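Per-entry structural report
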Amino acid sequence: MQFGVFTVGDVTPDPTTGRVPTEGERIKAMVAIALKAEEVGLDVFATGEHHNPPFVPSSPTTMLGYIAARTEKLILSTATTLITTNDPVKIAEDYAMLQHLADGRVDLIMGRGNTGPVYPWFGKDIRDGIELAIENYHLLRRLWREDVVDWEGKHRTPLQSFTSTPRPLDGVPPFVWHGSIRSPEIAEQAAYYGDGFFANHIFWPKEHFMRLINLYRARFEHYGHGKAHQAPVGLGGQVFIRPKSQDAVNEFRPYFDNAPVYGHGPSLETFTEQTPLTVGSPQQVIDKTLTFREHFGDYQRQLFLVDHAGLPLKTVLEQLDQLGEIVPELRREFAAKRPADVPEAPTHQSLLAAKTAAENGAGTAVGTGAVETGKETVR
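Here the structure is a predicted model, which is why all the values come from computation and not from measurement.

1. A look at the side chain of Ser183
With respect to the secondary-structure elements, Ser183 resides in the loop between strand E8 (175–180) and helix H6 (184–193). Since its relative accessible area comes to 6%, Ser183 is described here as buried. Of the polar contacts made by the side chain of Ser183, one reaches the side chain of Arg112; its length is 2.3 Å. The residues touching Ser183, leaving out its near neighbours within four places in the chain, are Arg112, Ile130 and Leu212.

What follows is the structure, given as structure tokens:
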């Protein structure tokens, strides 16, 4: 079970002081959060991708490459890589380069994003969002898996005898999670390829995400990648932790009430009851996080959002200290209940081992429940 944090990189006024960090301060704060995540024993740091104020992470690979040079174990990921508006050729090149710099500590969460105007900014039409996600990802997979690619599609110019460089590290592309808040087509896409499915699981009640994840699991099995309960699932979540629950509520309330996304809406108490947001003591966070398994089955990755809504960096680093203390117990509890045939989250090492076994003529679990044979059926 992997535990980590993700950031959307918002530049938001601190409602208790009115102070707005500069873009430079926010960028460096995100780096500090990643370094702290490794220090306290977390597994993953993921950054969003946005191209509009008030967000700053427009170049995830630049930031993750810098973090790679300053960390040793941390898996570097994205909370969203915009598969719809980025050129698949550039994604293939950028993340293969990052793979080499980070010695394989790289994966991605593909998504369509939540900002409609980004489509025309990059010459695309939002009405083509699902089509772009499907076509672009199919091309990306080929670019990572075939040395020479001829391609003709609907949404970009053709490629003739094209080789993406550098090639993926050890011939193993980064593992891909497909992220979605509401789109069954994306769950289907993840299942078709035997990739991971990441449910944002932040803003809506659990029943909504249960439907998406159950669909993904059923289709994962349908396509022959393994049993439904073996499909690799990741979840988002939100926490604010203090030793005493009432202190956590009192401190977090002004940030919640004024948050750009959900502020001035449901009360903190209602939102906490109906979504995975947990504001309270360490034990309350442990107890609620453990209920996710009851709702979604055994899963492989849990990422927490801890740095949004104007929270000062000092407070965020304190939150990471708290997570560092409770994650060992969460690991033990999840591991104790995990069936033996449910795989761990894929890593570069597990994918490389599966590739090596396949090349030697024996299919093997990739760490996702899928059996790879070295060949891929494509549409």
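2. Regarding unusual backbone geometry
The omega angle of the peptide bond from Pro53 to Pro54 is 5°, so this bond is cis rather than trans. With respect to the element layout, Pro54 can be found in the loop between strand E2 (44–47) and helix H2 (60–70). Of note, Asp103 is a non-glycine position whose phi angle comes to about 55°, a positive value. Relative to the elements of secondary structure, Asp103 occurs in the loop between helix H3 (88–101) and strand E5 (107–111). At Ser161, a residue that is not glycine, the phi angle is positive and equals roughly 50°. With respect to the helices, strands and loops of the structure, Ser161 is situated in strand E7 (residues 159–162).

3. Brief notes about the nonpolar core
Membership of the largest hydrophobic core comes to 87 residues, with the highest contact counts inside it found for Val5, Ile67, Tyr216, Phe252 and Leu323. With 7 residues, the top contributor of residues to this core is helix H11 (residues 313–337). Not counting the four nearest positions on each side in its chain, Tyr216 is found in contact with Ala187, Ala190, Ala191, Asp195, Gly196, Phe197, Ala231, Pro232 and Val233. Listed in part, the 14 residues of the second largest apolar core include Phe6, Trp177, Phe198 and Ile202.

4. A word on the packing of H3 against helix H5 (residues 129–145)
The interhelical angle for the contact between H3 and H5, taken along N-to-C directions, is 45°, at an axis separation of 9 Å. Relative to H5, the element H3 lies oblique. Crossing of H3 over H5 shows right-handed handedness. Residues Pro88, Val89, Ile91, Ala92, Tyr95 and Ala96 of H3 form the contact with H5, whose own contacting residues are Asn136, Leu139, Leu140, Leu143 and Trp144. Residue composition of the contact of H3 with H5, grouped by class: 10 nonpolar, 1 polar and no charged.

5. Brief notes about H6
Across the 10 residues of H6, 8 count as buried, placing the element largely inside the fold. By the burial criterion, the buried members of H6 are Ile186, Ala187, Glu188, Gln189, Ala190, Ala191, Tyr192 and Tyr193. Here the buried face of H6 lies against H5, E8, strand E9 (196–199) and helix H7 (206–222). Positive backbone phi, at 75°, marks Gly194, one or two positions downstream of H6.

6. Brief notes about the pattern of salt bridges
Tallying each qualifying case throughout the model produces 23 salt bridges. Arg156 is the partner of Asp87 in a salt bridge, and the nearest nitrogen-oxygen pair spans 3.0 Å. Taken together, the positions of Asp87 in the loop between strand E4 (81–82) and H3 and Arg156 in the loop between strand E6 (149–151) and E7 put the pair 69 residues apart, joining distant regions of the chain. Of the residues examined, Arg156 reaches a relative accessible area of 19% and is grouped as buried.

7. As for the packing of aromatic side chains
Tallying each qualifying case throughout the model produces 13 aromatic pairs. Taken together, the aromatic side chains of Phe240, Phe252, Phe256, Tyr262 and Phe271 make up a single cluster linked through ring pairs.

8. Let's talk about the confidence of the model for the protein
Scored by pLDDT, the protein comes out at a mean of 91, with 94% of its residues at no less than 70. Low confidence marks residues 364–379, where pLDDT is under 50. Its contacts with residues over four positions away, or in another chain, come to 48 contacts.

9. Focus: H5
Its 17 residues give H5 an end-to-end C-alpha distance of 24 Å, which sits within 8% of 24 Å, the value for a rise of 1.5 Å per residue. Judged by how many residues are buried, H5 sits mostly within the fold: 12 of 17 residues are covered. Those residues of H5 that sit buried are Gly129, Leu132, Ala133, Glu135, Asn136, Tyr137, His138, Leu139, Leu140, Arg141, Leu143 and Trp144.

10. Considering the pairing of strand E10 (residues 233–241)
Along E10, 9 of the 9 residues are buried, which leaves the element largely enclosed by surrounding structure. Burial along E10 is two-sided: Val233, Leu235, Gly237, Val239 and Ile241 and Gly234, Gly236, Gln238 and Phe240, pointing in opposite directions, are all buried. Inspection of the sheet shows E9 paired to E10 by 3 bridges, in the parallel sense. Across the sheet, Phe197 pairs through a bridge with Val233, a residue of E10. Two elements, E10 and strand E12 (residues 301–305), share 5 bridges in a ladder whose sense is parallel. Along E12, the bridge assignment pairs Gly236 with Leu303. Note: E10 against strand E11 (residues 278–280), 3 bridges, orientation parallel. Within E11, the position partnered with Phe240 by the bridge is Val279.

Definitions and cut-offs
- Residues numbered from 1 in each chain as written.
- Predicted model: local features only at pLDDT ≥ 70, side-chain atom pairs only at ≥ 80, totals over all residues.
- Heavy atoms only, no water.
- Helix = DSSP H or I, 4+ residues; strand = E, 2+ residues; numbered from the N terminus.
- Buried < 20%, exposed > 50% of the residue type's maximum accessible area, 1.4 Å probe, protein only.
- Polar contact = N/O pair within 3.5 Å; in protein donor to acceptor, adjacent residues only side chain to side chain.
- Contact = heavy atoms within 4.5 Å.
- Core = buried A, V, L, I, M, F, W, Y, C linked by side-chain atoms within 4.5 Å.
- Axes fitted to C-alpha atoms, helices over the stretch in contact; angles between N-to-C directions.
- Parallel < 35°, antiparallel > 145°, perpendicular 65-115°, else oblique.
- Left-handed = near helix turned anticlockwise from the far one by under 90°.
- Nonpolar A, V, L, I, M, F, W, Y, C, P; charged D, E, K, R; others polar.
- Salt bridge = Lys/Arg side-chain N within 4 Å of Asp/Glu carboxyl O.
- Phe/Tyr/Trp six-rings, centres within 6.5 Å; stacked < 30°, edge-to-face > 60°.
- pLDDT = per-residue confidence, 0-100.
- Expected span 1.5 Å × (residues − 1).
- Pairing = 2+ DSSP bridges.

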